[in-house]
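Structural overview
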Amino acid sequence: MEEQDEIDTSFLELQLSEVEMLHSMYPKDGEFELDDPLVIADVREFVDGKVADIPPRISFAIKVSPESGASTGKDDFELICSLPHQYPNLEPEIFVRHNFCSRQQQKQVNQDLTDFISTLERGDICITEAIQWLQENGANYISSTENLPTSQGDGDATKSDIKHTTLTRLWIHSHHIRSKFKRRDLLDMAADMQLTGFCLPGKPGIICIEGYKEICEEFWHRVRRWTWKKISCKHREDEPIESEGESKTLKEFRFFENFEEISFDAHAFHGRDYHMDLGKFYQYLDEHKCGYIFKILLGVDGKIPTT
């Protein structure tokens, strides 16, 4: 984590200027979207010396069309950027998404873009260079419509020819979950991988996923690589599909029918962060036969709120 005395406000000034430039380059609705527009005011106040608290990072998403042919929207890449406080002296954290990229193609385009950014001179803003690279090279990573990715393809842990032997449930604890991009991506990825569970945003943030062992591990592998203040898998439950002559189906193992975002009477505190009503969270867990996990996740006994 970056310390306050290490933050050079001239870097933040450059970030503000770059965001303003990008917004002018992509003025249409949906082309350029800040994760949290209020962060810009926070950064400006910090730069101007009006506040001492270190502001959150600036994060945003840009729709980028490859140069091959006219854009129809469906060919657009989504370039998700998170700027460390020391950017552009440090590399930006960038992730590329595309609906028609297989997982292997998406992994490759992200690696190649990261390699390209590493060749650029530090100290200069570089998001426009990343956009240009993606415009020029993005079409090379897009699958044809005959080879669209599915939840059972791409040679990864979800491949249908894998013989699953273990059912798994992971309980993940994050310092906070606030980003609308992360929340959207958690929902999309869980649905794509056919996992069940929930995401509880706020401070702290809680994620539960359940499904086949290999797929849960792939989900956790991807999520923990995102930018987090702190995140850990607090508890894991594994159960063999066949044990001592008995077998258990995935449906029998699951506590949840799908994967959804849940919320319970959020209480604002400390700016835009918020706590959920933990009594109602415990009640939710108890109703799904997993109230035991509350103390493991949060270190205190759960109590069902009185009405």
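As the structure is a prediction and not an experimental result, all values here were calculated from the model. (Residues numbered from 1 in each chain as written. Predicted model: local features only at pLDDT ≥ 70, side-chain atom pairs only at ≥ 80, totals over all residues. Heavy atoms only, no water.)

Here we look at the packing of helix H3 (residues 103-118) against helix H4 (residues 127-137)
Using the following cut-off: The axes used here are C-alpha line fits, helices contributing only the stretch in contact, and every angle between their N-to-C directions lies in the interval 0 to 180 degrees. Only runs of H or I of at least four residues qualify as helices and only runs of E of at least two qualify as strands under DSSP, and these elements are numbered from the N terminus. Throughout, the term roughly parallel applies to angles under 35 degrees, roughly antiparallel to angles over 145, roughly perpendicular to angles from 65 to 115, and oblique to all others. Crossings are classed by handedness, with left-handed meaning an anticlockwise turn of the near helix from the far one by less than a right angle and right-handed meaning a clockwise turn. Contacts between residues were defined by any pair of non-hydrogen atoms, one from each residue, lying within 4.5 Å. Asp, Glu, Lys and Arg are counted as charged, while Ala, Val, Leu, Ile, Met, Phe, Trp, Tyr, Cys and Pro are counted as nonpolar; the rest, among them Gly, fall into the polar class.
One way to put it is that H3 packs onto H4 with a least axis distance of 10 Å and a crossing angle of 135°. Looking at the two axes, H3 sits oblique to H4. Remark: the crossing between H3 and H4 carries right-handed chirality. Across the interface between the two elements, Val109, Asp112, Leu113, Phe116 and Ile117 from H3 touch Glu129, Ala130, Trp133 and Leu134 from H4. For the contact of H3 with H4, the per-class residue count stands at seven nonpolar, no polar and two charged.

Digging into the sheet that holds strand E7 (residues 205-212)
Note the cut-off: One bridge is not enough; two strands pair if DSSP finds at least two bridges between them.
With mixed pairing, the five strands of this open sheet are ordered in space as E8-E5-E7-E6-E11. Strand pairing shows two members of the sheet lacking a second neighbour, strand E8 (231-240) and strand E11 (259-261), which therefore form its edges. The sheet shows a mean angle of 10° between the axes of neighbouring strands, direction not considered. With three bridges connecting them, strand E6 (residues 196-200) and E11 associate as parallel partners. Looking across to E11, one finds that Cys199 is bridged to Glu261. Packed onto the sheet, helix H6 (residues 213-223) meets strand E5 (166-174), E7 and E8 and runs at close to 150° relative to E7.

Things to note about the environment of Leu22
Relative to the assigned elements, Leu22 resides in helix H1 (residues 9-25). Counting along the chain gives 10 residues from Leu22 to Phe32, while the straight-line C-alpha distance between them is 7.4 Å. Each residue touching Leu22, except ones within four places of it in the same chain, is listed here: Phe32, Phe60, Ile62, Ile127, Thr128 and Ile131.

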